[in-house]
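Here is how the chains run, residue by residue.
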Amino acid sequence: HDAADPPAVRQAGQLPAQVGPGVSPVAGELHEAVVRKLFQSLMVTLTAAAEQTASYEERIPALVDALFTFLDERPAFSPIVLREIIDGTGPGRALVLDQMVPALDRVEGWLRQAAGDRAPDDFDFRGAIVQIAMNAVVRASSGPLREPIWGSERQSLSLCWWQN
């Protein structure tokens, strides 16, 4: 793991709750810096997964596995992302727009390029990516409810068109 992603930020409770009213400017700046570094680390992880695969059929499982593993190793990250998405206002909104949207754009580009003409013309790449990613984020945020709700396996790949 790189210096931008120290082990301390992986443990729940190590990050300020969120940016917004009632949060000191220093805590808000720390929160924003940590979230930005985590998104950068996520993109390094996803880029490595995409670059290690050539075919569409290999790239999807590699990206999904990389995402799930990244989130599993950083239990504080998913609840923060989820909270920022749900809140949708203030500085947290800017974090989501500045960090998550470009990540989605990049993953969508990798998948479209790898799929070529094999995907159905009307296949909603963005919608599929968001569904799988949000499933992973909510799953990783669920604490003790995770296994009773999702089970012990990662089910997201069964939602993909080429698996059927």
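Bear in mind that the values here come from a model prediction, so they are computed numbers and not experimental data.

## Considerations on the confidence of the model for the chain
In the predicted model, the chain carries a mean pLDDT of 80, and 78% of its residues have values of at least 70. Taken as a whole, residues 1–19 scores under 50 in pLDDT and shows 42 contacts with residues more than four places along the chain or in a different chain.

## Brief notes about the side chain of serine 142
One can find serine 142 in the loop between helix H5 (125–141) and helix H6 (146–150). Classification of serine 142 by relative accessible area gives buried; the value is 16%. Within polar-contact distance, the side chain of serine 142 engages the backbone oxygen of valine 138 at 2.6 Å.

## Notes on the nonpolar core
Within the largest apolar cluster, 40 residues are counted, with the highest numbers of intra-cluster contacts made by Leu46, Tyr56, Leu63, Leu71, Phe77 and Leu111. Within the residue set of this core, elements represented by two or more residues are helix H1 (25–51), helix H2 (56–73), helix H3 (77–87), helix H4 (90–115) and H5. Considering every element that reaches this core, the biggest residue donor is H4, with 10 residues. Look past the residues within four positions of phenylalanine 77 in its chain and what remains in contact with it is Val35, Leu38, Phe39, Leu42, Phe70 and Leu71.

## Looking at the environment of alanine 103
The topology assignment puts alanine 103 in helix H4. Accessibility expressed as a relative area gives 9% for alanine 103, which makes it buried. Residues alanine 103 and glutamine 40, 63 residues apart in the sequence, show an inter-C-alpha distance of 9.1 Å.

## Quick word on the layout of surface pockets
Estimates place the volume of the largest pocket at around 490 Å³. Leu67, Leu104, Val107, Ile129 and Ala133 are the residues nearest the centre of the largest pocket, which is lined by 29 residues in total. Looking at the lining of the largest pocket, the elements that each hand over two or more residues are H1, H2, H3, H4 and H5. Take the lining of the largest pocket: its biggest share by element is 8 residues, from H5.

## Re the packing of aromatic side chains
Aromatic ring pairs are described here by two measures, namely the spacing of the ring centres and the angle between the planes. As enumerated under the stated definition, the model contains 4 aromatic pairs in all. Ring plane angle 75° and centroid distance 6.3 Å describe the contact between tyrosine 56 and phenylalanine 125, whose orientation is recorded as edge-to-face. A residue pair is termed long-range when its members are at least 10 positions apart, and tyrosine 56 in helix H2 and phenylalanine 125 in helix H5 qualify at 69 residues. The residues tyrosine 56 and phenylalanine 125 share a single accessibility class, namely buried. With a centroid separation of 4.9 Å and an interplanar angle of 90°, the aromatic rings of phenylalanine 123 and phenylalanine 125 are classed as edge-to-face. Comparing phenylalanine 123 with phenylalanine 125 shows no difference in burial state: the two are buried. Feature note: the residues Phe39, Phe70 and Phe77 constitute an aromatic cluster, connected by ring pairs.

Conventions used here
- Residues numbered from 1 in each chain as written.
- Predicted model: local features only at pLDDT ≥ 70, side-chain atom pairs only at ≥ 80, totals over all residues.
- Heavy atoms only, no water.
- pLDDT = per-residue confidence, 0-100.
- Contact = heavy atoms within 4.5 Å.
- Helix = DSSP H or I, 4+ residues; strand = E, 2+ residues; numbered from the N terminus.
- Buried < 20%, exposed > 50% of the residue type's maximum accessible area, 1.4 Å probe, protein only.
- Polar contact = N/O pair within 3.5 Å; in protein donor to acceptor, adjacent residues only side chain to side chain.
- Core = buried A, V, L, I, M, F, W, Y, C linked by side-chain atoms within 4.5 Å.
- 1 Å grid on protein atoms, 1.4 Å probe; cavity = no way out; pocket = protein on both sides within 12 Å on 5 of 7 lines; lining within 4 Å.
- Points joined across faces, edges and corners; volume = space filled by probe spheres on them.
- Phe/Tyr/Trp six-rings, centres within 6.5 Å; stacked < 30°, edge-to-face > 60°.

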